[in-house]
Amino acid sequence: MQEHRPPSSNDALSFAYDDEDADTVVNPSANTPLGALIAERLSRRATLRGFAASAAFGLLGSSALSRAADAATAAKSSLAFKEIEHETITGHRAPQGYSAQVVIRWGDPVKKDAPPFDPAKQSAQSQRMQFGYDNDFLAFMPLPMGSRSSSRGLLCANHERTTPALMWSKMDGPDALKTMSREMCEVEMASQGHTVVEIRKREGKWQVVTDSPYNRRLVAYDTEFRIGGPAAGHARMKTAADPTGLKAIGTFNNCAGGKTPWGTVLSGEENIHNYFIGNAEASPEAKAYKRMGVTGRGRYQWGRFHDRFNLDKDPNEPNRFGWVVEIDPYDPNSTPVKRTALGRCKHEGATCAVSHDGRVAVYTGDDERMEYVYKFVTKGQFDPKSRAANRNLLDEGTLYAAKFEANGKMRWLPLVHGSGPLTAANGFGSQADVVIEVRRAADLVGATPMDRPEDIEPSPRSGRIYVVLTYNDRRKADQVNPANPRAENKWGQIIEIIPPLVNGKPDHAAIECRWEFFVLAGDPSKPEQGAKYLGPVSQHGWLACPDNVAFDPRGRLWISTDGQDDAIGFCDSVYAADTRGPGRGITRLFFNGPTGAEICGPEFTPDGTTLFLAIQHPAEEKGSSFDKPSTRWPDFKDDMPPRPAVLAITRNGGGEVGS
Ligand code: FEO
Ligand code: CA
Ligand code: CA
C-alpha cells in the first residue's frame, strides 16, 4: 500500500487516509553495527556493489539525456515497446499498439446473485458477493488446473484496505472516521481479504464468468481460517471466541502474495496494527504489541462493534493476524490456512522457489522502515505428482532472516527456538513464541534493517532473488549499511541475491549467497539522489519507489511503483528491464496509472500475452474525496466514485507483452 503521507494537523484528509504506517519505525534494535558501518561507508566500492564490477554500467548526465540516448537505450534492451513518458494523468496509459481493458472493478459481481454496485447502498451482504476494494496482489491460476491455459483461469486478487473518504459521501472530514456506523465498518470487513473469480478471454476480451462454481470471497468479516504450524493451539493464539487457538475468523490488509508449485495462493497480511482499539499498554502482550506497532489507536473502527478488535476485551486477537495465508483457489470449499511457520510480521508477499533438492523456499518481506527480509525452507520436498502430499508442506521447516555483508555475501540467519539468543532467557518459550514475535527474534540474531522490503521474488528462469526495497526517508546517515547505502532514501532500490548452484540448479536452501544491486532508483540526472542503473536509462526510463514485481516468460523483470507522486512528482507506473544481456537493468517505462493510484499486481498469463495490473486507490490524494475526487477512474461517470480495478494489457493483434 501507499505509505508516504505524513499526518499533519492541518491536513484534514490525512486522518481519513493515513494508516499510520507512513510514520512508523518500531524497530528499537541496534542491528546496524556502527563500527562495521563506518568502515563500510568508507568503501565506496562496497556501497555500489554490483555497479562497480559492471562493464555495462553507464550513467548519462543530464546533457546526454536526449532522444539519441533514448534510442541507444532502446537498442540495448530486448523490450521492443515504444517507451511512454513520465506524467500525471487522470486516466491510464499503455504504449502505442497496446490496449488496456478493465476486467473487474470494486463492486462488480463475483457471485451470480450479487446485486449491481450502488455506492449509496453498499451493505456487508452485497459487498460479500462483490469484488472488494483496493486490489493488490494478482495471481492468474490457469483452468483446467495444471494446464498452461492463457485464455481461461482463476483471477485471484488481494484486497488490502478500504478508504472511507473515497467510498462514502462526506467521509473526508478530520473526525469522519469517528462517525463510521456498524454497517460501514462491516462493508469494510466484507471488502478486505481476497477474491477468486473465473475469467475467460473471448474474441480478445477478458470476461468474468459470474456463475463459475470457483468464485469466492474470503473476507475479514466471517471467513473461517485454520491456524497451522508452530503457533497453532498456543496459549497466545487463544481468544474468547476460539479457546482452541486453532481457528481464526477473517483475513485483512492482504497486500502482495505468491503462488505455490502445487497450485495454491499465498496472501500476506500486512499492516494489521491499524485494526485494534483499546488500551495496548495495559495488556499482557504490551511489549509485543509495541514491536508490531499495535497502539490501540488504529484507524479502523471495527472494535467499536466487534469485541475481537478491542484489545481490552480480546488481548490475543492481534496474534492471529500478520501471517501468510494459504488459499486453494481450485477447491471452493477448502478452508484457508494461516501458515505460522513463516513468521508473523507485516508481510508484503510470499513467493516460492523449488530448490535443487526439491525443498521449497518461501521468500517474504516485512514492509516497514528498518525491518527485515525472511525466507522459510520446508523440511519436506515438493511432490509434483501428488497435490495432496504438499498440502501441509509449509507447516514444518526452518525460518531465516537476511543479513547483508559488505563483501558481497549475505547470510540467512536461522530463527530456531533454542539456538543462539532465541531461548527462554529472552522470553522465547518455544518456536511458537519465535514466530509470533519474529521481528524481535530477527533483532536478536542481527538481521539487516532494510529500506522497507516489498516484493521478494525469485526469478523462475535464473533462480536469482529480487529484493525490492521501496524507500526509507527516515534512515539517518549513521544508519546506512551495505545493502541500504543512502540516508533519507526517497527512491528505493532492488537487490539481487544470487544463490549458489548445485548441479546447475539454484540452492534456495543455502545459508550463504552472493548479492548485488540491480537498481538504485531515482533520477540519474540529479547526482544528489545517488541513483545508479546498470545501463543507460532514458530520460523517462528511470523510476522511484519500486514495490511489486513479476517476471515475464522470458525472465524479464516488470516493476510497479508506489509513491512516485511524492518522490518525483509523477503518477505511479510500470517499468520493465532485462535481467541479463546488454539490456540488463535498463528500466523502460511501460505504463502510467491514474492520479492518486499505486500500481500493484503485475501478473502475466503463462504465455505472456496478457499483463494484469491491479490499480489500487485511484484518486487517493490530498483534497480528493468521494464527493470531489481527483479522478473518477475507470468509469468517468458523474455518479460513480473512483474504483480500484484490474486491467488486462494486451498487444493489439496479439503477441507477447513487451516483445
Ligand atoms: Fe501493502 Fe507494502 O504495500
Ligand atoms: Ca508500497
Ligand atoms: Ca506493496
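Residues numbered from 1 in each chain as written. Chains lettered and ligands numbered in written order. Predicted model: local features only at pLDDT ≥ 70, side-chain atom pairs only at ≥ 80, totals over all residues. Heavy atoms only, no water.

Participant: How would you explain the overall build of the chain if you had to name every residue and give the values?
Facilitator: Of the regular secondary structure elements, the chain holds eleven helices and 30 strands. The C-alpha radius of gyration of the chain comes to 23 Å, within 12% of the 26 Å expected for a compact globule of 659 residues. Here the C-alpha coordinates of the chain stretch approximately 65 × 60 × 60 Å along the principal axes. Across the 659 residues of the chain, 64% fall into the buried class. For the chain, long-range pairs separated by at least 24 residues make up 67% of all intrachain contacts whose partners lie at least 6 apart in sequence. (Helix = DSSP H or I, 4+ residues; strand = E, 2+ residues; numbered from the N terminus. Rg over C-alpha atoms; globule rule 2.2 N^0.38 Å. Buried < 20%, exposed > 50% of the residue type's maximum accessible area, 1.4 Å probe, protein only. Contact = heavy atoms within 4.5 Å.)

Participant: Now, about the coordination of the calcium ion (ligand 3): what can you tell me, with residues and values included?
Facilitator: Around a metal, the ideal angle is 109.5 degrees if four donors adopt a tetrahedral arrangement and 90 or 180 degrees if six donors adopt an octahedral arrangement. Within the first shell, the calcium ion (ligand 3) binds the protein through Glu 348 (OE), Glu 348 (OE), Glu 454 (OE), Asp 547 (OD) and Asp 547 (OD), at distances of 2.2 to 3.0 Å. One way to put it: the six donor atoms around the calcium ion (ligand 3) meet at angles of 46 to 139°, and that makes the site irregular. Mapping the donors of the calcium ion (ligand 3) onto the primary sequence gives the spacing E-x105-E-x92-D. Between the two metal centres, the calcium ion (ligand 3) and the calcium ion (ligand 2), the spacing is 3.6 Å, with Glu 454 acting as a shared donor. Taken together, the residues Glu 454 in strand 18 (residues 453-458) and Asp 547 in strand 24 (residues 546-551) connect sequence positions 93 residues apart. A single burial state applies to Glu 454 and to Asp 547, both of which are buried. (Donors = N, O, S within 2.8 Å, 3.2 Å for Na, K, Ca; no water. Tetrahedral: all angles 85-135°; square planar, octahedral: opposite > 155°, others 65-115°.)

Participant: Talk me through the side chain of Arg 291; I want residue IDs and the actual numbers.
Facilitator: One can find Arg 291 in helix 8 (residues 286-292). Using a relative accessible area of 8% as the deciding quantity, one classes Arg 291 as buried. A distance of 3.3 Å separates the side chain of Arg 291 from the side chain of Asn 27, its partner in a polar contact. (Polar contact = N/O pair within 3.5 Å; in protein donor to acceptor, adjacent residues only side chain to side chain.)

Participant: Outline the sheet that holds strand 24, supporting the account with residue identities and numerical values.
Facilitator: Within a sheet, neighbouring strands are paired by backbone hydrogen bonds and run either parallel or antiparallel to one another. In space, the four strands of this open sheet follow the order 24-25-26-27, with antiparallel pairing throughout. Both outer strands of the open sheet, strand 24 and strand 27 (588-592), are each paired with one neighbouring strand and no more. Here the strands of the sheet are splayed against their neighbours by 25° on average, with no regard to which way each runs. Of the strand pairs in this sheet, strand 26 (residues 573-577) and strand 27 are connected by four bridges, and their pairing is antiparallel. Each bridged residue has a counterpart across the sheet, and for Ala 576 the counterpart in strand 27 is Arg 588. (Pairing = 2+ DSSP bridges. Axes fitted to C-alpha atoms, helices over the stretch in contact; angles between N-to-C directions.)

Participant: So what's going on with the environment of Ser 150? Which residues, and what values?
Facilitator: Considering the arrangement of structural elements, one finds Ser 150 in the loop between strand 2 (135-142) and strand 3 (152-159). Judged by relative accessible area, which is 10%, Ser 150 ranks as buried. Considered as a pair, Ser 150 and His 273 are 123 residues apart in the sequence and their alpha carbons are 38 Å apart. Apart from the residues lying within four places of it in its own chain, the contact partners of Ser 150 are Phe 140, Lys 201, Trp 206, Thr 605, Pro 606 and Asp 607.

Participant: Hey, could you go over the nonpolar core for me, with residue numbers and the actual values?
Facilitator: The biggest cluster of nonpolar side chains holds 33 residues, and the ones touching the most others in it are Val 362, Tyr 374 and Leu 415. Contributions of two or more residues to this core are made by strand 14 (359-365), strand 15 (373-381), strand 16 (397-404), helix 9 (431-436) and helix 10 (438-445). Tallying contributions element by element places helix 9 first for this core, with four residues. Core analysis: the second largest hydrophobic core is formed by 30 residues, Met 167, Trp 168, Tyr 289 and Met 292 among them. (Core = buried A, V, L, I, M, F, W, Y, C linked by side-chain atoms within 4.5 Å.)

Participant: Describe the pattern of salt bridges, and please don't skip the residues or the numbers.
Facilitator: Taken as a whole, this structure holds 47 salt bridges when the rule is applied. Across the pair Arg 339 and Asp 395 runs a salt bridge, and its minimum N-O distance is 3.0 Å. Of this pair, Arg 339 sits in strand 12 (residues 337-339) while Asp 395 sits in the loop between strand 15 and strand 16, placing them 56 residues apart in sequence. A relative accessible area of 17% places Asp 395 in the buried class. With its nearest N and O atoms 3.4 Å apart, the salt bridge here joins Glu 368 to Arg 439. Of this pair, Glu 368 sits in the loop between strand 14 and strand 15 while Arg 439 sits in helix 10, and the two are 71 residues apart along the sequence. Across this residue pair, the class does not change: Glu 368 and Arg 439 are buried. Within the structure, one salt-bridge network assembled from shared partners comprises Arg 291, Lys 346, Asp 366, Glu 368, Glu 371, Arg 439 and Asp 443. (Salt bridge = Lys/Arg side-chain N within 4 Å of Asp/Glu carboxyl O.)

Participant: How would you summarise the sheet that holds strand 13 (residues 351-354) if you had to cite specific residues and measurements?
Facilitator: Strand order in this open sheet of nine strands is 13-14-15-16-17-23-20-19-18, and the pairing throughout is antiparallel. Strands at the two margins of the open sheet, each flanked by one partner only, are strand 13 and strand 18. The mean angle between the axes of side-by-side strands here comes to 30°, regardless of whether they run parallel or antiparallel.

Participant: Report on the pairing of strand 7 (residues 224-228), specifying residues and quantitative values.
Facilitator: Pairing between strand 7 and strand 8 (residues 247-249): three bridges, direction antiparallel. Note on strand 8: the bridge partner recorded for Arg 226 is Lys 247. Across three bridges, the pairing between strand 7 and strand 12 is parallel. In the strand pairing of strand 12, Gly 228 is matched with Arg 339.

Participant: Kindly report on the confidence of the model for the chain, identifying the contributing residues and their values.
Facilitator: Looking at the chain as a whole, the pLDDT averages 92, with 91% of positions reaching at least 70. With pLDDT under 50 throughout, residues 2-20 is counted as low confidence; its partners more than four residues away or in other chains account for 71 contacts. In the predicted structure, residues 52-63 sits below a pLDDT of 50 and forms 20 contacts with residues beyond four places in sequence or in another chain. (pLDDT = per-residue confidence, 0-100.)

Participant: If you had to explain the packing of aromatic side chains to someone new, which residues and values would you point to?
Facilitator: Under the defined criterion, the tally for this structure stands at 27 aromatic pairs. Here Phe 276 and Phe 309 contribute two aromatic rings whose centre-to-centre distance is 5.8 Å and whose plane-to-plane angle is 45°, an arrangement assigned as tilted. Note that Phe 276 is positioned in the loop between strand 10 (265-269) and helix 8 and Phe 309 in the loop between helix 8 and strand 11 (324-327), a separation of 33 residues in sequence. Each member of the pair Phe 276 and Phe 309 is classed as buried. An aromatic cluster of at least three residues, connected via ring pairs, comprises Phe 252, Tyr 275, Phe 276, Tyr 300, Trp 302, Phe 309 and Phe 321. In this arrangement the basic side chain of Lys 338 is found over the ring face of Phe 225, its NZ or CZ atom lying 5.2 Å from the centre. Positioned above the aromatic ring of Phe 81 is the side chain of Arg 588, whose terminal nitrogen or guanidinium carbon lies 5.1 Å from the ring centre. (Phe/Tyr/Trp six-rings, centres within 6.5 Å; stacked < 30°, edge-to-face > 60°. Lys NZ or Arg CZ within 6 Å of the ring centre and 35° of its normal.)

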